[in-house]
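Examining the three-dimensional arrangement
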Amino acid sequence: MLQLNLNLVWEMINLIVLFLLLRHFLIRPVTDIMEKRKKLIADGLQNAQDAQNDAMKMKQEYEDALKGAKQESVKILENARTEAKSEYDRIVGEAGERAGSIIESAKETVRMEREKTMNELRSEIAGLAVASAGKILGRQAGSGDDQNLYDQFLEEVGEAHEDTDK
Amino acid sequence: MEELNCETVFTLPVIGGISESVVVTWIIMAVLVLLSVILVRNLRVENPGKVQLALEAAIGWAQDFFEGILGKENRRYFPYLITVLLFLGASNTIAPLCGFKPPTKDLNVTAALAVMSMCLIEYSGIRKNGLKHWAKHFAQPVPVVAPIMILEVVIRPLSLCMRLFGNMLAGFVVMELLKTVVPVLVPIPVSFYFDIFDGLLQAYVFVFLTALFMNEEME
């Protein structure tokens, strides 16, 4: 029972063989797989971290861009407003001017019309006066006196007319 | 008490007698290698099966355990320690599981294990700190302790050997006596204690102490 013999050597050889076999068949493959998985997980985590960093960066950029766009839009709106205001002023002013000129021209036309009409009336009245004067005076009067006569008449009539106007 | 003897199974012409424990060791080796070949066959990095997960958990536990003692830089010693752990676990519990006499109740087996551990302990010390430092460390801290330090080289594996051998032999003797006195039912819980629990505990203690001594030697 308590004896050491050559079997000790066989046992040692057995152990070494078992160690080599197990290392080759069991421990190496399992360790390799575990290492690989660990690496995979570490890579995945790294990738996720990178992706998150990228996303954060992009978000920051977008936010900056958005902020810029907002300011830009406010500026554009302001510009448009001032432009519209000036355009409105211009158009209104123009319209006022045109209306003024139209009214002016209308007044002018009316004035000219009136003058014309008055002139016509005047000559007609003169004609009537000459005719009536001729009838009254008969045929003695010369044609040179005629002119003086009706001019004189016209002056009287005109004064009388102006008096009635007043 | 003839169960205590290690019979010679057969005799080879030149080498001599091959004892029972060597044959049982061969059987254990065959079973372990076969099992590992079968279990390791379909390993996958993604979507591991249940068997693979259990295997990885076991190996991972052992590696973490040794890493806690020896540190990450000594990963090269882990396979041998795991091998010894598996072998001792199998051989200590083989009595109730398969009916063989445990090889570890033979002094030759535990002595072989202890000699291997001794070689490993001294080798790790020499490899880490160099031959000079290894030779010098016997005279530390004072030269007077040199004889004791040199004795320690032998005493450490001897204690490993005798602890394992004594535990397994005692367990075996108690179990055999109990089986002759009360052959029915009573041996079952006792066998769980002496063969399964004590066997696994001794396997754990053996590799734990070996790793601890290696760590001590590497300082």
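In this text, all values refer to a predicted model and were calculated from it rather than measured experimentally. (Residues numbered from 1 in each chain as written. Chains lettered and ligands numbered in written order. Predicted model: local features only at pLDDT ≥ 70, side-chain atom pairs only at ≥ 80, totals over all residues. Heavy atoms only, no water.)

1. Some points on the interface of chain B and chain A
Accessible area lost on assembly of the parts is the figure often given for the size of an interface. Facing the 44 residues of chain B at the interface are 32 residues of chain A. Approximately 3600 Å² of surface area, both sides summed, lies buried where chain B meets chain A, with 76% of it carried by carbon and sulfur atoms. If you look at where chain B meets chain A, you find two salt bridges. Of the charged contacts in the structure, one is a salt bridge between E56(B) and R37(A), with a shortest N-O distance of 2.4 Å. At the junction of chain B with chain A, the criterion picks out seven residue pairs in polar contact (both at pLDDT 80 or more). Sorting the residues of the side of chain B that touches chain A by element identifies β2 (16-19), α1 (20-40), α2 (50-70), α3 (78-92), α5 (107-136) and α6 (146-181) of chain B as the ones contributing at least two each. The element contributing the most residues to the side of chain B that touches chain A is α1(B), with ten residues. Each residue belonging to the side of chain B that touches chain A can be placed in one class, and the counts come to 29 nonpolar, eleven polar and four charged. (Contact = heavy atoms within 4.5 Å. Buried area = accessible area lost by both parts, 1.4 Å probe. Salt bridge = Lys/Arg side-chain N within 4 Å of Asp/Glu carboxyl O. Polar contact = N/O pair within 3.5 Å; in protein donor to acceptor, adjacent residues only side chain to side chain. Helix = DSSP H or I, 4+ residues; strand = E, 2+ residues; numbered from the N terminus. Nonpolar A, V, L, I, M, F, W, Y, C, P; charged D, E, K, R; others polar.)

2. Observations regarding the packing of aromatic side chains
Residue and element names in this part refer to chain B. Going through the model one piece at a time under the given rule, you end up with eleven aromatic pairs over all chains. With a centroid separation of 5.6 Å and an interplanar angle of 0°, the aromatic rings of W61 and F65 are classed as stacked. Here F65 and W61 lie together in helix α2, a separation of four residues that amounts to about one turn. Taking the relative accessible area as the measure of exposure, W61 reaches 47% and is therefore partly exposed. (Phe/Tyr/Trp six-rings, centres within 6.5 Å; stacked < 30°, edge-to-face > 60°. Buried < 20%, exposed > 50% of the residue type's maximum accessible area, 1.4 Å probe, protein only.)

3. Thoughts on the nonpolar core
Ranked by size, the top nonpolar core spans 59 residues in total, and within it L26(A), F66(B), L70(B) and L113(B) carry the most contacts. Elements that contribute at least two residues to this core include exactly α1 (7-137) of chain A together with α1, α2, α3, α5, α6 and α7 (187-217) of chain B. Apart from residues lying up to four places away in sequence, L26(A) is in contact with L21(A), S36(B), V40(B), L55(B), I59(B) and L86(B). (Core = buried A, V, L, I, M, F, W, Y, C linked by side-chain atoms within 4.5 Å.)

4. A word on a nonpolar patch on the surface
Residues and elements named next belong to chain B. A cluster of nonpolar side chains, namely V31, L34, L35, I38, L39 and V51, defines an oily patch on the protein surface of about 510 Å² accessible area. Of the residues forming the nonpolar patch, the biggest block, five residues, is contributed by α1. Tracing the backbone through its elements, the reader meets V51 in helix α2. You can call V51 partly exposed: its relative accessible area is 49%. (Patch = residues over 30% accessible without salt bridge, like charges linked within 9 Å, V, L, I, M, F, W, Y side chains within 5 Å. Areas by Shrake-Rupley, 256 points an atom, 1.4 Å probe, with all protein chains shown as cover.)

5. Focus on the packing of α3(B) against α7(B)
Residues and elements named next belong to chain B. Direction vectors running N to C along α3 and α7 enclose 160°, while the axes themselves pass 8 Å from each other. Looking at the two axes, α3 sits roughly antiparallel to α7. Regarding α3 and α7, the two cross each other, and that crossing is right-handed. Residues L81, V84, L85, L88, G89 and N92 of α3 form the contact with α7, whose participating residues are D195, G199, L200, Q202, A203, Y204, F206, V207, T210 and A211. (Axes fitted to C-alpha atoms, helices over the stretch in contact; angles between N-to-C directions. Parallel < 35°, antiparallel > 145°, perpendicular 65-115°, else oblique. Left-handed = near helix turned anticlockwise from the far one by under 90°.)

6. Topic: unusual backbone geometry
For L185(B), which is not a glycine, the phi torsion comes out positive at approximately 65°. Structurally, the position occupied by L185(B) is in the loop between α6 and α7.

7. Here's the deal with α1(A)
Given a rise of 1.5 Å per residue, 131 residues ought to cover 195 Å, and the 186 Å separating the end C-alpha atoms of α1(A) matches this to within 8%. For α1(A), the principal kink sits at R23(A) and spans about 50°. (Expected span 1.5 Å × (residues − 1). Bend = angle between axes of the 7 residues up to and from the residue.)

8. With respect to the side chain of Q63(B)
Of note, Q63(B) is situated in helix α2. Looking at Q63(B), the relative accessible area reads 8%, which means it is buried. Sequence-distant contacts of Q63(B), that is, excluding residues within four places in its chain, are made with I27(A), T31(A), M34(A), R75(B), F78(B) and I82(B).

9. Observations concerning the pattern of salt bridges
Following the criterion strictly, the structure yields 15 salt bridges over all chains and no others. Measuring nitrogen to oxygen at the nearest pair gives 3.1 Å for the salt bridge that ties E67(B) to R75(B). Take R75(B): its relative accessible area is 28%, and that puts it in the partly exposed class. Here E216(B) and R156(B) are joined by a salt bridge, their closest N and O atoms 3.0 Å apart. In this pair, E216(B) is assigned in helix α7 and R156(B) in helix α6, connecting sequence segments 60 residues apart. Through salt bridges with shared partners, a single ionic network connects E35(A), E67(B), K72(B) and R75(B).

None of the figures reported here should be taken as evidence of function without further support.
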